[in-house]
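# Analysis of the macromolecular model
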Amino acid sequence: MTNMRNFMNGDDFFRFVRDENKPPVRCEYCGRLLYYVYPVVGGRQSSAGFYETCDCEGVKQREVEEERKYIEELQQKAKLARVEKLLSQSNLGRRFRERTFENFRFELNPEAYRVALDYAQNFEVYAHKGQGLIFTGSFGVGKTHLAAAIANYLIIHKSVPVVFGSVSFLLGELKRAYELEAISADRIEKQLCTVDLLVIDDLGKEKPTEWLVEKLYFIINNRYEDYRPVVITTNLTLDEIEQRLNVAGSLAGSAIVSRLVEMCRIVPMHGQDFRLSLRKNAC
Ligand SMILES: [Zn+2]
């Protein structure tokens with residue numbers, strides 16, 4: 001350190017000394033020479049040195065840009081974390097997460113595809129009116145695929161919370177929580193009533209017990225009153241759903257269907273069962 005000289009005069013408590021053995025570097029923006037320095041605090045020189053940083057406009061701008069990028073990255077990470085959280089809350093298992101508009105077999109049902117895509121892209125407009133969709137048609141025409149594609153699109157592109165599942169799955173979870181008198185029962189019920197979009201897959205497939213039908217009516221009616229949309233898939237006609245859900249002489253099924261008709265646009269889907277046709281082609 002013999003070649004080191006004090007470049008700051010006076011008896012400052014805190015100052016820097018240059019290391020003359022290390023060649024200076026130039027600021028890439030203004031060309032100023034930047035020296036390797038050691039801090040000296042109260043006369044004691046630190047053994048850890050560093051190159052001076054320039055404070056010209058070029059460096060300031062770079063710092064602003066780096067700060068902007070850093071914030072952008074944080075936001076991107078936060079968005080990914082939010083999407084991940086929304087996906088796990090949605091109950092869309094891996095099987096349904098992979099069903100998107102991109103991999104729907106468009107030629108199966110171009111009209112239903114257009115309706116579903118438009119619904120997802122303009123969800124705010126439809127949600128404001130509490131308007132949903134009912135995909136009807138026989139087994140294997142892609143109803144569930146389109147409903148899952150809407151759910152995935154809303155979560156990934158719009159960060160909209162969605163809950164997806166069959167009646168027996170969604171209400172089964174609620175029933176178990178009730179039976180265990182778990183605190184989660186209220187939370188699950190509230191979520192089914194208030195989530196931005198509730199997707200009920202395969203309505204009519206469940207075993208219609210009195211409890212289940214009453215609960216389903218409670219949820220649908222709550223959503224109806226608060227303008228919160230539902231998307232439904234079913235193999236049955238609305239009449240069949242009504243008959244099936246009118247259990248033990250109650251008219252809950254009629255009430256559910258009448259609400260759904262007011263809330264939803266019906267999207268009939270026709271066509272060959274593509275799973276069957278795949279199997280046939282394979283033979
Ligand atoms: Zn500079």
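Residues numbered from 1 in each chain as written. Predicted model: local features only at pLDDT ≥ 70, side-chain atom pairs only at ≥ 80, totals over all residues. Heavy atoms only, no water.

Going by what an unreviewed UniProt entry lists, the protein chain is known as IstB domain protein ATP-binding protein and is assigned to Caldicellulosiruptor hydrothermalis.

## Here's the deal with the layout of surface pockets
What the largest pocket holds in volume is close to 550 Å³. Around the largest pocket, the lining is made up of 26 residues, and of these Arg95, Phe96, Thr144, Asp201 and Asp202 lie nearest the centre. Among the secondary structure elements, those contributing two or more residues to the lining of the largest pocket are helix H2 (94–97), helix H5 (143–158), strand E9 (162–166), helix H6 (167–179) and helix H11 (274–282). Taken together, the residues of the lining of the largest pocket sort by class into 7 nonpolar, 11 polar and 8 charged. (1 Å grid on protein atoms, 1.4 Å probe; cavity = no way out; pocket = protein on both sides within 12 Å on 5 of 7 lines; lining within 4 Å. Points joined across faces, edges and corners; volume = space filled by probe spheres on them. Helix = DSSP H or I, 4+ residues; strand = E, 2+ residues; numbered from the N terminus. Nonpolar A, V, L, I, M, F, W, Y, C, P; charged D, E, K, R; others polar.)

## Description of a nonpolar patch on the surface
Judged by side-chain polarity, Phe13, Phe14 and Val41 come together as a nonpolar surface patch covering roughly 310 Å² of accessible area. With respect to the helices and strands, Phe13 occurs in the loop between strand E1 (5–6) and strand E2 (14–18). The exposure class assigned to Phe13 is exposed, which follows from its relative accessible area of 59%. (Patch = residues over 30% accessible without salt bridge, like charges linked within 9 Å, V, L, I, M, F, W, Y side chains within 5 Å. Areas by Shrake-Rupley, 256 points an atom, 1.4 Å probe, with all protein chains shown as cover. Salt bridge = Lys/Arg side-chain N within 4 Å of Asp/Glu carboxyl O. Buried < 20%, exposed > 50% of the residue type's maximum accessible area, 1.4 Å probe, protein only.)

## Some thoughts on the pattern of salt bridges
Per the stated rule, a full pass over the model turns up 12 salt bridges. The partner of Asp55 in a salt bridge is Arg32, with the nearest N and O atoms 3.8 Å apart. Remark: Arg32 occurs in the loop between strand E3 (25–26) and strand E4 (33–34) and Asp55 occurs in the loop between strand E7 (50–51) and helix H1 (57–90); sequence separation between them is 23 residues. Across the pair Lys215 and Glu189 runs a salt bridge, and its minimum N-O distance is 2.9 Å. You can see Lys215 sitting in helix H8 (residues 210–225) and its partner Glu189 sitting in helix H7 (residues 184–194), a full 26 residues away along the chain. On the accessibility criterion, Glu189 (13% relative accessible area) is buried.

## Describing the coordination of the zinc ion
Of the protein atoms, only Cys27 (SG), Cys30 (SG), Cys54 (SG) and Cys56 (SG) coordinate the zinc ion, at distances of 2.3 Å. Around the zinc ion sit 4 donor atoms, and with donor-metal-donor angles ranging over 100 to 114 degrees the site reads as tetrahedral. Donor residues binding the zinc ion come from one chain and are separated in sequence as C-x2-C-x23-C-x1-C. Highlighted residues: Cys30 in the loop between E3 and E4 and Cys54 in the loop between E7 and H1, separated in sequence by 24 residues. (Donors = N, O, S within 2.8 Å, 3.2 Å for Na, K, Ca; no water. Tetrahedral: all angles 85-135°; square planar, octahedral: opposite > 155°, others 65-115°.)

## Comments concerning the sheet that holds strand E8 (residues 132–136)
Pairing within the open sheet is parallel, and its 5 strands lie in the order E9-E10-E11-E8-E12. The open sheet has two edge strands, E9 and strand E12 (264–268), and neither has a second partner. Averaged over all pairs of adjacent strands, the angle between strand axes in this sheet comes to 15 degrees, irrespective of strand direction. As defined by bridge partners, E9 adjoins strand E10 (residues 197–201) across 5 bridges and the pair is classed as parallel. Its bridge partner lying in E10, Ser166 is registered against Asp201. Packed on one face of the sheet, helix H3 (residues 110–121) meets E8, E10, strand E11 (230–234) and E12 and runs near 160 degrees to E8. (Pairing = 2+ DSSP bridges. Axes fitted to C-alpha atoms, helices over the stretch in contact; angles between N-to-C directions. Contact = heavy atoms within 4.5 Å.)

## Some remarks on the domain arrangement of the protein chain
Accessible area lost during the coming together of the parts is what is often quoted as the interface size. Taken domain by domain, the protein chain consists of domain 1 (5–54) and domain 2 (91–282). Distance between the C-alpha centres of domain 1 and domain 2: 68 Å. (Domains from an automatic or database assignment.)

## Quick word on the side chain of Glu206
Relative to the elements of secondary structure, Glu206 occurs in the loop between E10 and H8. Buried charge without a salt bridge: Glu206, with Arg244 as the nearest opposite-charge side chain at an N-O distance of 4.9 Å. Side-chain polar atoms of Glu206 contact the backbone nitrogen of Gly204, separated by 3.0 Å. Those residues within four positions of Glu206 in sequence are excluded, and the remaining contacts are Val167, Ser168, Leu212, Arg244 and Leu245. (Lys, Arg positive; Asp, Glu negative; His and termini not counted. Polar contact = N/O pair within 3.5 Å; in protein donor to acceptor, adjacent residues only side chain to side chain.)

## What about the confidence of the model for the protein chain?
Do not read the fine detail of predicted coordinates wherever pLDDT is low. Looking at the protein chain as a whole, its pLDDT mean stands at 89, while 91% of the residues score no less than 70. Overall, residues 1–9 carries pLDDT values under 50, and its contacts beyond four positions in sequence, including any with other chains, amount to 23 contacts. (pLDDT = per-residue confidence, 0-100.)

## Notes on the nonpolar core
Grouped together as the largest cluster of nonpolar side chains are 37 residues, with contacts concentrated most on Phe101, Phe135, Leu146, Ile150 and Leu197. Every element with two or more residues in this core is listed here: H1, H3, helix H4 (123–128), E8, H5, E9 and E10. In terms of residue count, the dominant contributor to this core is H5 (9 residues). Excluding its chain neighbours within four sequence positions, the residues that come into contact with Ile150 are Phe101, Ala116, Tyr119, Ala120, Leu133, Phe135 and Leu197. Grouped together as the second largest cluster of nonpolar side chains are 32 residues, Val195, Leu198, Val230 and Met263 included. (Core = buried A, V, L, I, M, F, W, Y, C linked by side-chain atoms within 4.5 Å.)

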